[in-house]
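In case you want the letters, here they are:
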Amino acid sequence: MHPVSQPGDDALVRHRCGVGDFETTICSDGTFLLDGGAMFGVVPKTLWSRRMPPDDNNCVLLGLNTLVVRTGTAVVVIETGIGNKVSPKMRAIFKNQQQLPRSLEAAGVHLAEVTHVINTHLHFDHCGWNTTLEADGTTTPTFPNAMYYAAAGELAHGRRQFERDAMSYLGPNYNALIASGQLTLVDPHGAGEFTPSDPRLAGPEQLPPIPICTELELLPGISVEPLPGHTASLLGVHVTSGEEHACYPGDLFPTHHHLDPTWVMGFDLDPLTCIGQRKKFLARAISEKWMVFFTHDHQMPAARLEWSDRGKPMVANG
Ligand SMILES: [Zn+2]
């Protein structure tokens, strides 16, 4: 069996829609392959493989979706894919395309006009194009005029390099932003009591103190919300304009095949918390008719949701 691919799968721009007065576009860093078992945790293969057929290595095809929001005064980029810094050995495994800059260009987004970059978390497949590996071997901020935002707890966790997930947290994806003064860390409502000189954020390299933001609204119409489970400090990003609302919940729901609250990933650090967060999220998203963006769904990057006759969350028809 091979991954299901459909016509238009190589399209550089995956989706466009309006949210009130805002314009939202899904750009893409392309696709990558991950083990299907890891993507579906304890769900039996006989069930998940019907929805996401694996290839001969048991891998499923995943997207790397970047959401671009034009608010009229700001250009906001949410998530930046895998980037161009992974080793040749890992690229041979992931078979990723490193195409986000081309995708942004195809969507008419200039790197220099981006004002804000938001990472839901700092795993390598969500912040790779925060920085660009240049031909001379240096790493530079991809969006030269943007302020970048990530959760303070994510950076603190990544710096600790725990054996469970050390390989997901790569300093070259964010250290250049700390050095350039472009990174602001979000500590929602100050709950983590982070300060710019907090030792949890220090080193190993000598880097300047990082500004801390405790507000959830980062700019008018764009706010973040803690959605713990996949990681302890995962942030969802809400987009609100007029009466309309959209949300990018990051790896809370990696694809629309993960809508069943119990279909959590093997990667999730706290699956029970994840299940609880998913139930709360679905109740709001369905009753308030949110547009929901899926970070790793190449075929369906965005959808509204509804309850099925059997009370299960599903993609809404029409
Ligand atoms: Zn991910």
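In the block above lies the structure referred to throughout.
Residues numbered from 1 in each chain as written. Predicted model: local features only at pLDDT ≥ 70, side-chain atom pairs only at ≥ 80, totals over all residues. Heavy atoms only, no water.

Engineer: Any chance you could break down the coordination of the zinc ion for me, citing the residues and the numbers?
Structural biologist: Summarising the metal site, the zinc ion is bound by the protein donors D125 (OD), H126 (NE2), D251 (OD) and H296 (NE2), whose distances to it range over 1.9 to 2.5 Å. One can describe the site at the zinc ion as irregular: its four donor atoms subtend angles covering 81 to 161° at the metal. By relative accessible area, D125 is classed as buried at 9%. Accessibility expressed as a relative area gives 3% for D251, which makes it buried. (Donors = N, O, S within 2.8 Å, 3.2 Å for Na, K, Ca; no water. Tetrahedral: all angles 85-135°; square planar, octahedral: opposite > 155°, others 65-115°. Buried < 20%, exposed > 50% of the residue type's maximum accessible area, 1.4 Å probe, protein only.)

Engineer: Give me the nonpolar core: which residues, what numbers.
Structural biologist: Across soluble globular proteins, nonpolar side chains show a tendency to be buried alongside one another. The biggest cluster of nonpolar side chains holds 29 residues, and the ones touching the most others in it are V114, F143, L155 and L183. At the level of secondary structure, the elements contributing two or more residues to this core comprise β4 (75–78), α4 (100–106), β8 (147–151), α5 (152–160), α6 (175–180) and β9 (183–186). (Core = buried A, V, L, I, M, F, W, Y, C linked by side-chain atoms within 4.5 Å. Helix = DSSP H or I, 4+ residues; strand = E, 2+ residues; numbered from the N terminus.)

Engineer: An account of the environment of D55 is requested, with residue identities and associated values reported.
Structural biologist: As for its placement among the helices and strands, D55 is situated in the loop between α2 (45–51) and β3 (59–70). Between the C-alpha atoms of D55 and T231, which are 176 residues apart in sequence, the distance is 28 Å.

Engineer: Requested: an account of helix α7 (residues 271–287), with residues and values cited.
Structural biologist: The first and last C-alpha atoms of α7 sit 24 Å apart over 17 residues, in line with the 24 Å expected at 1.5 Å per residue. Buried within α7 we find C274, I275, Q277, R278, F281, L282, A285 and I286. Around the axis of α7, the buried residues are gathered within 165° of arc, so they sit on the same side. Relative to its buried face, α7 has exposed residues pointing more than 90 degrees away, namely L272, K279, K280 and S287. Contacts from the buried residues of α7 go to β12 (222–226), β14 (244–248), β15 (291–293), β17 (305–307) and β18 (313–315). Positive phi shows up at K289, right after α7, with a value of about 55°. (Expected span 1.5 Å × (residues − 1). Arc of directions from axis to C-beta. Contact = heavy atoms within 4.5 Å.)

Engineer: Talk me through the sheet that holds β4; I want residue IDs and the actual numbers.
Structural biologist: In spatial order, the strands read β1-β2-β3-β4-β5-β8-β9-β10; together these eight strands make up an open sheet with mixed pairing. The open sheet has two free edges, formed respectively by β1 (13–19) and β10 (212–213), since each of these has just one partner strand. Bridge count between β4 and strand β5 (residues 116–118): three bridges; the pairing is parallel. In the sheet register, V77 faces β5, and the bridge partner there is V117. Most of the contacts of α5 go to β8, to which it runs at about 70°, and overall it touches β8 and β9. (Pairing = 2+ DSSP bridges. Axes fitted to C-alpha atoms, helices over the stretch in contact; angles between N-to-C directions.)

Engineer: Tell me about the pairing of β3, and please be specific about residues and values.
Structural biologist: Where burial is concerned, most of β3 is hidden: 11 out of the 12 residues are buried. Pairing geometry for β3 and β4, over four bridges, is antiparallel. By the bridge assignment, V68 is partnered in β4 with V77. Between the end of β3 and the start of β4, which pair antiparallel, lie four residues, with G72 showing a positive phi angle near 110°.

Engineer: Explain the environment of I178 to me, using residue names and the numbers behind them.
Structural biologist: With respect to the secondary-structure elements, I178 resides in helix α6. In this structure the C-alpha to C-alpha distance between I178 and M265, which are 87 residues apart in sequence, comes to 31 Å. In this structure, I178 is in contact with L155, R159, L183, L207, P208 and I210, ignoring residues within four places of it in sequence.

Engineer: Tell me what's going on with the pairing of β1, and back it up with residues and numbers.
Structural biologist: Where β1 and strand β2 (residues 22–35) come together, six bridges link them in antiparallel fashion. Note that in β2 the partner of H15 across the bridge is I26. With antiparallel pairing between neighbouring strands as the criterion, β1 and β2 make up a hairpin whose turn holds two residues, including G20 at a positive phi of roughly 55°.

Engineer: Describe empty space enclosed by the protein, with residues and values.
Structural biologist: Summed over all chains, the structure comprises one cavity of 30 Å³ or more. Taken as a whole, the largest cavity holds about 30 Å³ of empty space. Together, R16, E23, T25, V68, R70, A107 and V109 line the largest cavity. Put simply, the parts of the chain that give the lining of the largest cavity at least two residues each are β2 and β3. (1 Å grid on protein atoms, 1.4 Å probe; cavity = no way out; pocket = protein on both sides within 12 Å on 5 of 7 lines; lining within 4 Å. Points joined across faces, edges and corners; volume = space filled by probe spheres on them.)

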